[in-house]
Structure formats: C-alpha cells, structure tokens
Amino acid sequence: MTATLDLLKTRRSVPPPLLDEPGPDRAQLEAILTAASRVPDHGKLAPWRFIVIGGEARSRAGEIIASTFAADNPDASPDRLAQERARLTHAPVVVAVVSRAGPHVKIPEWEQVLSAGAATMNLVIAANAAGFATSWLTEWFAYDRRVLDALGLAPAEKLAGFVHIGRAREVPSDRPRPALDDIVTYL
C-alpha cells in the first residue's frame, strides 16, 4: 500500500521529447491496458477504447497531423511542419484513448466521459507502476475531426488524450501542487 500511495503522491509527467526507448513490449503493454480498463463503468458499456501507436505508425500519424496543419497554414515553415510531423514520434509508444460516450437510456453521458478519463488515468498510473514515464496530452489535433477520422475514430467518438510512454531521459522538477486547504472541504 505504501508503494502505491508513494507512486500516486509523486507521479509527474515527463514531456515526450524526454521519453526514450525502450517502451513497453507487447506483454507489458497488455498488462498496462488491462489495468487501464479496470475503471468504474456504470452499465458495463466500456465507453472508451485504445489505439496503440508504435513503431512506424507514429510517423504515419505524424504525416496526417502535418498535412492537416499544412492545409490550414499554407505559409507554415518547413521547421514548423517538421515539428507537427514529430508530434507522436518522441515516445516509443503512444496510446490514444478514445471516448465512446453517447446517449443511453440509463447511463448519463457525463458518467461515460468520466469513465474514459479514469481509463486514461489508470493507463498513466499503470505505465508508471511498470517503470515507464508518461505524458498525457491532447494538443490541437486531438480536436480536429480530419485527424480523428484518419486515425479511425467514428463520427461520434472523441479523443480523451494521447498517452506517451517511454523511459525518462530526465525527470523534470515537480510543479507546484494545490494546498489541500485550498481544494478540500470537510462537511
């Protein structure tokens, strides 16, 4: 219990450019994804799914991102397009968490969205517990329908985030966290 609490109390994000190989292998990734899927899920809907982006798929996704950016920014410099192209190539593995929340006769959509967020956080915690470092990001392309369509999301699906997973080249200093007195109310 102490190790788990220590992990939760000290966990921090590592920016993707500071994430190196090796990433999780297939067995490690399956264990991480199994833990990620063990979240509250009223109605057993599994209102989320995972897209694993590794190896060359990271570059292919980067081409989609860069071409979408170029279509909206025809004057973008080659350096800027290279930056967009590299968005998903820093970490060895990137997992896109897709929210499949939608209208349901008994389960409020808000609960489904929260379940997708919980799955994303469990993914982060499980990867950290397995010895990896992570960064949960969205960025502009997580909200661009053209990119989402190209990644295979259905029209009603949204992206909860991209979780970048790798080994930390360095761990940045911790950011200030809110004081409990500022965020906790006892009744």
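All figures in this text were calculated on a predicted structure; none of them were measured in a lab. Numbers given to residues run from 1 along each chain, matching the order in which its sequence is written. Selection of residues for local features in this predicted model requires a pLDDT of at least 70, selection of side-chain atom pairs for listing and counting requires 80 or more, and totals for whole chains, interfaces and linings are taken over all residues. Based on all heavy atoms of the structure, the side-chain values leave hydrogens and waters out of the count.

## Describing the packing of helix H2 (residues 26-36) against helix H5 (residues 109-129)
Part 1: For helices, the axis comes from a line fit to the C-alpha atoms of the stretch in contact; other axes are also lines fit to C-alpha atoms, and the angle between any two N-to-C directions lies between 0 and 180 degrees. Each helix is a run of H or I in the DSSP string that is no shorter than four residues. Each strand is a run of E no shorter than two, and both are numbered from the N terminus. Direction vectors running N to C along H2 and H5 enclose 140°, while the axes themselves pass 7 Å from each other. As far as their axial angle goes, H5 and H2 are oblique. Note on packing geometry: the crossing formed by H2 with H5 is right-handed. Contacts between H2 and H5 pair Ile32, Leu33, Ala35 and Ala36 from the former with Ala119, Asn122, Leu123, Ala126 and Ala127 from the latter.
Part 2: Taken together, the residues of the contact of H2 with H5 break down into eight nonpolar, one polar and no charged. Each angle gets one of four labels, with under 35 degrees taken as roughly parallel, over 145 as roughly antiparallel, 65 to 115 as roughly perpendicular, and the rest as oblique. Less than a right angle of anticlockwise turn of the near helix away from the far helix marks a crossing as left-handed, whereas a clockwise turn marks it as right-handed. When checking whether two residues touch, look at their non-hydrogen atoms; a contact exists if any pair is within 4.5 Å. Three classes are used: nonpolar for Ala, Val, Leu, Ile, Met, Phe, Trp, Tyr, Cys and Pro, charged for Asp, Glu, Lys and Arg, and polar for all others, with Gly counted as polar.

## Describing the packing of aromatic side chains
Part 1: Stacked, edge-to-face and tilted labels apply to pairs of Phe, Tyr and Trp rings (six-membered ring for Trp) whose centres lie within 6.5 Å, assigned for plane angles under 30 degrees, over 60, and everything in between, in that order. Using the criterion set out here, one finds four aromatic pairs in the structure.
Part 2: Judged by centre distance (5.6 Å) and plane angle (90°), the ring pair of Trp140 and Phe141 falls under edge-to-face.
Part 3: Between buried and exposed lies partly exposed: a residue is buried under 20% and exposed over 50% of the maximum accessible area for its type, with that area taken using a 1.4 Å probe on protein chains only. Looking at Phe141, the relative accessible area reads 2%, which means it is buried.
Part 4: Ring geometry for Phe141 against Phe162: centres 5.3 Å apart, planes inclined by 50°, an arrangement best described as tilted. One end of the pair, Phe141, is in the loop between strand S4 (133-137) and helix H6 (145-150); the other, Phe162, is in strand S5 (residues 158-168), with 21 residues separating them in the sequence. Grouping residues by exposure puts Phe141 and Phe162 together as buried.
Part 5: An aromatic cluster is built from Phe69, Trp140, Phe141 and Phe162, whose rings are joined through pairwise contacts.

## Notes on the pattern of salt bridges
Part 1: Put simply, a salt bridge is a Lys or Arg side-chain nitrogen that is within 4 Å of an Asp or Glu carboxyl oxygen. For the structure on display, the rule yields eleven salt bridges.
Part 2: In this structure, the salt-bridge partner of Glu84 is Arg80, at a minimum N-O distance of 2.8 Å. Placement of the pair is Glu84 and Arg80 together in helix H4 (residues 78-85), with a separation of four residues, close to one helical turn.
Part 3: Exposure remark for Glu84: the relative accessible area of 0% places this residue in the buried category.
Part 4: The partner of Arg87 in a salt bridge is Glu139, and the shortest N-O contact between them spans 3.2 Å. Here Glu139 lies in the loop between S4 and H6 and Arg87 lies in the loop between H4 and strand S3 (93-99), a separation of 52 residues in the sequence.
Part 5: Through salt bridges that share partners, Arg80, Glu84, Arg87 and Glu139 make up one connected network.

## Here's the deal with the UniProt feature "domain: Nitroreductase" (unreviewed entry) in the chain
Part 1: UniProt positions are given in the numbering used here, feature names are shortened, and annotations may be inferred rather than shown by experiment. Following the UniProt record, one finds the feature "domain: Nitroreductase" (unreviewed entry) at residues 9-167.
Part 2: Secondary structure content for residues 9-167 is 41% helix and 19% strand, while the C-alpha to C-alpha distance between its ends is 20 Å.

## Examining the packing of helix H3 (residues 56-72) against H4
Part 1: At their nearest, the axes of H3 and H4 sit 7 Å apart, and the two run at 140° to each other. When the axes of H3 and H4 are compared, the pair comes out oblique. The crossing of H3 and H4 is right-handed. Residues Gly62, Glu63, Ile65, Ala66, Phe69 and Ala70 of H3 form the contact with H4, whose participating residues are Arg80, Leu81, Glu84 and Arg85.
Part 2: For the contact of H3 with H4, the per-class residue count stands at five nonpolar, one polar and four charged.

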